[in-house]
Amino acid sequence: MEENDLEGEVSTLKNTWVPTWTKQITIRSLVTSFILGTLFNFIICRLSYTSGLTPNLNVPVGLLGFTVIKYYTALLNKCGLLKQPFTRQENTLIQTCIFASSGIAFSSGTGSYLFGMSPYITAKDHVEDTPINRKRLSLGWMFGFIFAISFVGLFFILPLRKVMILKYKLPYRSRTATAHLINSVHTPTGSKLAKKQVALLFKSFCGSFAFACFQWFFKATNDCGFSSFPTFGLQAYNKRFYFDFSSTYVGIGMISTFNANASLLIGAIISWGILWPWIDRKKGTWYSEDLPPNSLDGMQGYKVYIAIAMILGDGFYQCIYMLLRITYSLSTQYLKDKNSSSVNPEIVHQNSNVDYDDQCRKEYFLKDDIPIWVAITGYVILAVVSIIVVSHYIFPQLKWYHILVCYLIAPILAFFNAYGCGLTGLSLATIYGEVAIIIFSSWVGIANGGIIAGLASCGVMMSFVSTASVLMQDFKTGYLTLTSPRSMLFSEVFGTIIGCVMSPLVFWLFYKAFPIGDNKSTYPSPNGDVYRGISLLGAKGFSYLPKNCLKLAIIFFCIAVLIDVIHDMLKHYENKYKIYRYIPQPMFLAIPFYLGGYFTIDRCIGSLIVYLWEKKNKNKAQHYVPAMAFGLLCGDSLWSVPAAILSLAGTKAPICMKFLSGTVNHNS
C-alpha cells in the first residue's frame, strides 16, 4: 500500500486533536504495551524454536492494541476515571513498543546464534567440542549480552529519519499499511470492523488453546500424540511427511503467501523425497557408517550445509540486488534534486500548498526534534559500553578491536538495510549477521575460540542492523499518524527493554522444560545447528565438510542464485500471465532440507483454508483471515506455558498414542 492510499483517512486528522508528545505517553499505553509486548515476544521466541520462520504480524498487533485500550478506557469511563480519550498516537506507541520487543526476540539469537554456543549443539561437532568453542548457557550473561548490544543501533539511525522519510520518501509498505490500519480503526466504521475481527480472534484463540490442551493428554513422550500421526502412511512418516495437527503452523500458513508455502513443500519433496535417500545410499563411501545420527561429519552435515548454501546463495543475490536498487534510487534522487533547484520558486510554493495532509504530517514530524548531539553521544557511549562488556566480561574470544571493527562497519550496513527495507520491504539483517560469522570466526581462528567469536559477532551485527531498521520503519508509521518522534523513541526504548528482559526468560522456560534442539521434539530450533555450522565453516574452512558436500553446496548455491535471477527477470519483463508468482523462493526451499516436510503440510492446509474462504467471499476473507490466523497461532503458543510448568513439575501426560506397522504389532 502506497502512502497516497492513506489520503482519505489522514485527511480527517485536520480536525483531530493531537496531544503533545508527553501526553501521548500514558500509563495505560505503557501497561498495554508491556502485556502485549510480552505476549508477542513469547510468540516470536516460540516460533524461532520450532521452524525458525516468523510471519508478519502487523494486523494482529494493531487490532489487539486498539481493542485492549478501547475496552480498558470504556471501563475507566464508567468509573469516571477517564481523563483523556484514546488516540491514534497512543495506538501507534503501543504498536511501536510491540514491534521493538518482537524485534529483540528475533535479534537476541536465543533460537539461533546464542543457542549454537550451547553444549548440546557443540556436542554434535565431535572434533571441535572444546571448552574455548562452547559456552554454558546462563541467564546472567545472556541478560548482559542482549542489553549491551540492543540499543546501539537505535541512536545511530536517529539523524537519518528526516532523510529517509521526508527527503527520499521511502514507502516502507508494511508500516504504511500499519498506519492505514491505525487510522482506519479510529473511525466509526473501522472501529466496528475491528471489534468483529477481535471477536473472531478470541474464538479461534479459545479453540486452538483447547485443542492444544486436548493433544497434551496423548503425548507422554516425543514419539506419541497427534503430532506423530502417520497421515500418509508409515513410510512417508519416516521421511517426515505427515500432518502435525499444529494450530501454529496452520495459522502461519493462512497469513503467509501461497508461494512461500508451496516453496516449503517443494523443498521438502526435493530433499527428503529425492536428495537424502540418494546420499543415504552413499553411506560407507562418502561418510562413515559408525557416526551418530546428529554428527555434522555424516548425513547431518549434508542436510545442514546444503541448506546453508541455498540460504547464503539467496542472501548473496538479495544483497547485490538491493545494492543495485539503492544505487539507482540514490542516483535518481540526486538528479531529481539537481533539476528541482532550477525550477521556478513560485511554482514550488504553489505545489507545496496543494496537499494539506502532507504538510500536516511534516509539521508534526519536525515539531519535536531530537538533537543530533543526543544521537551521537548516545551512540558513542553505548558502543564503548558494549565493547567493554562483551569483550572483557562475556566473550573473551572476541577482542575489543573485533567489536570496534563491527561498530565501524555496522552503520554502513544499517543505512543500506534501512534504505533497502524502505524500497523493497525486505530486511537483510540475518544475512549480514551470517557474513559476520564467517569473517570473524575466520579472523579469530579455531584454536582461539573462533566459533564462539563468530557467533557473538553475529549478535553484535544483527542486533545493530535489525534495531536500526525496525526504528526507521516505526518512524514511518508515526509520520503517517502524526505521532511525535520523541514519544516514538521513548516507546522504542521501552519495547527494547521488554524484549531484553523477556527473551532470555522465555528461552530459559523452554530450555528447562523441553528438549530444545532435538530434531524429534516439538522444538528442534533448527537455526542453532545452522548458525553453528556457518561458524564452523568460517573457522575451519571447506576441508571440514564431508566428502562431496562442497560440490553439492556449490551446486545448490548456484541454483538459489539462478532461481532469484529468473524470478526477477520474469517480474521485470513479463506482465500478462505473471509467471514469476509461481517461481519458488530459495530461502523457503532451503528450510525443509533440515527440518523435514511435516510443518509444510500444516502450512499448506492453512493456504487451502484461505483459498476456499476467498472462493466463497473474497472481501470477507481479506478482513478476517489475519484475525483467525493469529488466534490459532496465539492459542497454541500460549498452551506452551502450562505445558512447560507441568513438565518442570515432573507431570507427564497419562496416555501415549502411538502408531505401529501391522508386522511390528503382530510380532509384539
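Relevant structure appears above.
A short tour of the structure in this document, coming up.

The rules behind these values
- Residues numbered from 1 in each chain as written.
- Predicted model: local features only at pLDDT ≥ 70, side-chain atom pairs only at ≥ 80, totals over all residues.
- Heavy atoms only, no water.
- Helix = DSSP H or I, 4+ residues; strand = E, 2+ residues; numbered from the N terminus.
- Rg over C-alpha atoms; globule rule 2.2 N^0.38 Å.
- Buried < 20%, exposed > 50% of the residue type's maximum accessible area, 1.4 Å probe, protein only.
- Contact = heavy atoms within 4.5 Å.
- Areas by Shrake-Rupley, 256 points an atom, 1.4 Å probe, with all protein chains shown as cover.
- Lys, Arg positive; Asp, Glu negative; His and termini not counted.
- Charge placed at Lys NZ, Arg CZ, Asp CG, Glu CD.
- Patch = residues over 30% accessible without salt bridge, like charges linked within 9 Å, V, L, I, M, F, W, Y side chains within 5 Å.
- Salt bridge = Lys/Arg side-chain N within 4 Å of Asp/Glu carboxyl O.
- Expected span 1.5 Å × (residues − 1).
- Core = buried A, V, L, I, M, F, W, Y, C linked by side-chain atoms within 4.5 Å.
- Axes fitted to C-alpha atoms, helices over the stretch in contact; angles between N-to-C directions.
- Parallel < 35°, antiparallel > 145°, perpendicular 65-115°, else oblique.
- Left-handed = near helix turned anticlockwise from the far one by under 90°.
- Nonpolar A, V, L, I, M, F, W, Y, C, P; charged D, E, K, R; others polar.
- Disulfide = S-S within 2.5 Å.
- Phe/Tyr/Trp six-rings, centres within 6.5 Å; stacked < 30°, edge-to-face > 60°.
- Lys NZ or Arg CZ within 6 Å of the ring centre and 35° of its normal.

## Things to note about the overall build of the protein chain
No. 1: Assigned secondary structure in the protein chain consists of 29 helices and zero strands.
No. 2: Relative to its length of 668 residues, the protein chain is compact, with a C-alpha radius of gyration of 25 Å against a globular reference of 26 Å.
No. 3: On the principal axes, the C-alpha backbone points of the protein chain span a range of 85 × 55 × 55 Å.
No. 4: The buried share of the protein chain, reckoned over its 668 residues, is 56%.
No. 5: The contacts in the protein chain between residues at least 6 apart in sequence include a share of 84% that link residues at least 24 apart.
No. 6: Of the roughly 28,500 Å² of accessible surface on the protein chain, a fraction of 65% belongs to carbon and sulfur atoms.
No. 7: For the protein chain, the separation between the mean place of its 55 positive charges and that of its 35 negative charges on side chains is 5 Å.

## Quick look at the environment of Lys399
No. 1: Tracing the sequence through the fold places Lys399 in the loop between α18 (372-394) and α19 (400-424).
No. 2: For the pair Lys399 and Ile388, spaced 11 residues apart in sequence, the C-alpha separation works out to 9.4 Å.

## Describing a positive patch on the surface
No. 1: Residues Lys70, Lys192, Lys195, Lys196, Lys616 and Lys620 make up a contiguous surface patch of positive charge.
No. 2: Residue contributions to the positive patch peak at three residues, all from helix α11 (residues 188-216).
No. 3: Locating Lys195 in the fold gives a position in helix α11.
No. 4: You can call Lys195 partly exposed: its relative accessible area is 43%.

## Some words on the environment of Met488
No. 1: Mapped onto the fold, Met488 is located in helix α22 (residues 485-513).
No. 2: Exposure remark for Met488: the relative accessible area of 1% places this residue in the buried category.
No. 3: Taking the C-alpha atoms as reference points, Met488 and Phe40, 448 residues apart in sequence, are found 19 Å from one another.
No. 4: Apart from residues no more than four positions distant in its own chain, Met488 is found in contact with Thr92, Leu93, Thr96, Asp474, Phe475, Gly478 and Thr483.

## Some remarks on helix α20 (residues 429-444)
No. 1: Along its 16 residues, α20 runs 22 Å from first to last C-alpha, staying within 8% of the 22 Å computed at 1.5 Å per residue.
No. 2: Among the residues of α20, Ala429, Thr430, Ile431, Tyr432, Gly433, Glu434, Ala436, Ile437, Phe440, Ser441 and Val444 are the ones counted as buried.
No. 3: Downstream of α20 by a residue or two, Gly445 has a phi angle that is positive, lying close to 95°.

## Topic: the side chain of Thr87
No. 1: Within the secondary structure, Thr87 sits in the loop between α4 (58-78) and α5 (88-107).
No. 2: Residues contacting Thr87, with those up to four places away along its chain left out, are Trp17, Pro19 and His186.

## What to know about the nonpolar core
No. 1: One finds Phe145, Ile279, Phe395 and Tyr407 to be the most contacted residues of the largest nonpolar core, which totals 175 residues.
No. 2: At 17 residues, helix α21 (residues 450-480) tops the list of elements feeding residues into this core.
No. 3: Apart from residues lying up to four places away in sequence, Phe145 is in contact with Tyr113, Leu114, Val390, Ile394, Phe395, Ala456, Gly459 and Val460.

## Structural notes on the packing of helix α3 (residues 27-50) against α22
No. 1: Packing of α3 against α22 leaves a shortest axis separation of 9 Å and a crossing angle of 45°. With respect to α22, the element α3 is oriented oblique. Of the two possible hands of crossing, α3 and α22 adopt the one that is right-handed. Across the interface between the two elements, Leu30, Ser33, Phe34, Gly37, Thr38, Asn41, Phe42, Cys45, Arg46 and Tyr49 from α3 touch Phe490, Phe494, Ile498, Gly499, Met502, Ser503, Val506, Phe507, Leu509 and Phe510 from α22.
No. 2: A class-by-class count of the residues in the contact of α3 with α22 yields 13 nonpolar, six polar and one charged.

## Re the state of the cysteines
No. 1: Tallying each qualifying case throughout the model produces one disulfide.
No. 2: The side chain of Cys224 participates in a disulfide bridge whose partner is Cys656; the two sulfur atoms lie 1.8 Å from each other. Given an S-S torsion of about -65°, the disulfide between Cys224 and Cys656 has left-handed geometry. Taken together, the positions of Cys224 in the loop between α11 and α12 (234-238) and Cys656 in the loop between α28 (640-648) and α29 (662-667) put the pair 432 residues apart, joining distant regions of the chain.
No. 3: For Cys224, a relative accessible area of 0% corresponds to the buried category.
No. 4: Cys500 supplies the cysteine sulfur nearest to Cys97, a cysteine that is in no disulfide, at a spacing of 12 Å.
No. 5: Free cysteine Cys458: the closest other cysteine sulfur is in Cys406, separated by 9.6 Å.

## Quick word on the packing of aromatic side chains
No. 1: Overall, the coordinates contain 49 aromatic pairs when judged by the stated rule.
No. 2: Ring centres of Trp276 and Phe593 lie 5.8 Å apart, and the angle between their planes is 90°; this geometry places the pair in the edge-to-face category. On the criterion of sequence distance, the pair formed by Trp276 in helix α14 (residues 258-280) and Phe593 in helix α25 (residues 586-595) is long-range, its members being 317 residues apart.
No. 3: On the accessibility criterion, Trp276 (4% relative accessible area) is buried.
No. 4: Classification of Phe593 as buried rests on a relative accessible area of 2%.
No. 5: Residues Tyr407 and Phe464 carry aromatic rings whose centres are separated by 6.0 Å and whose planes lie at 50° to one another, so their mutual orientation is tilted. On the criterion of sequence distance, the pair formed by Tyr407 in helix α19 and Phe464 in helix α21 is long-range, its members being 57 residues apart.
No. 6: Judged by relative accessible area, Tyr407 falls into the buried class, the value being 4%.
No. 7: Of the aromatic side chains, those joined through ring pairs into one cluster are Phe42, Tyr49, Phe115, Phe507, Trp508, Phe510, Tyr511, Phe514 and Tyr523.
No. 8: One Lys or Arg, Lys135, reaches over the ring of Trp141 and ends 5.1 Å from the middle of that ring.
No. 9: The ring of Phe99 is capped by Arg175, whose NZ or CZ atom sits 4.0 Å from the centre of that ring.

## Some remarks on a nonpolar patch on the surface
No. 1: Judged by side-chain polarity, Ile372, Ile376, Val380, Val384, Ile388 and Tyr393 come together as a nonpolar surface patch covering roughly 610 Å² of accessible area.
No. 2: Among the secondary structure elements, Val384 is positioned in helix α18.

## Things to note about the packing of α14 against helix α26 (residues 598-616)
No. 1: With their axes 9 Å apart at the nearest point, α14 and α26 run at an angle of 145° to one another. For the pair α14 and α26, the sense of crossing is left-handed. Taking contact as the criterion, the partners of Phe258, Ala260, Asn261, Leu264, Leu265 and Ala268 in α14 are, on α26, Phe599, Thr600, Ile601, Arg603, Cys604, Ser607, Val610, Tyr611 and Glu614.

## A short note on unusual backbone geometry
No. 1: Phi is positive for Lys169, which is not a glycine, with a value near 50°.
No. 2: Looking at where Lys169 falls in the secondary structure, it is placed in the loop between α9 (161-167) and α10 (173-185).
No. 3: Among the residues examined, Lys169 registers a relative accessible area of 42% and is labelled partly exposed.
No. 4: Here the phi dihedral of Phe245 falls at roughly 55°; this positive angle occurs in a residue that is not glycine.
No. 5: Considering the arrangement of structural elements, one finds Phe245 in the loop between α12 and α13 (247-255).

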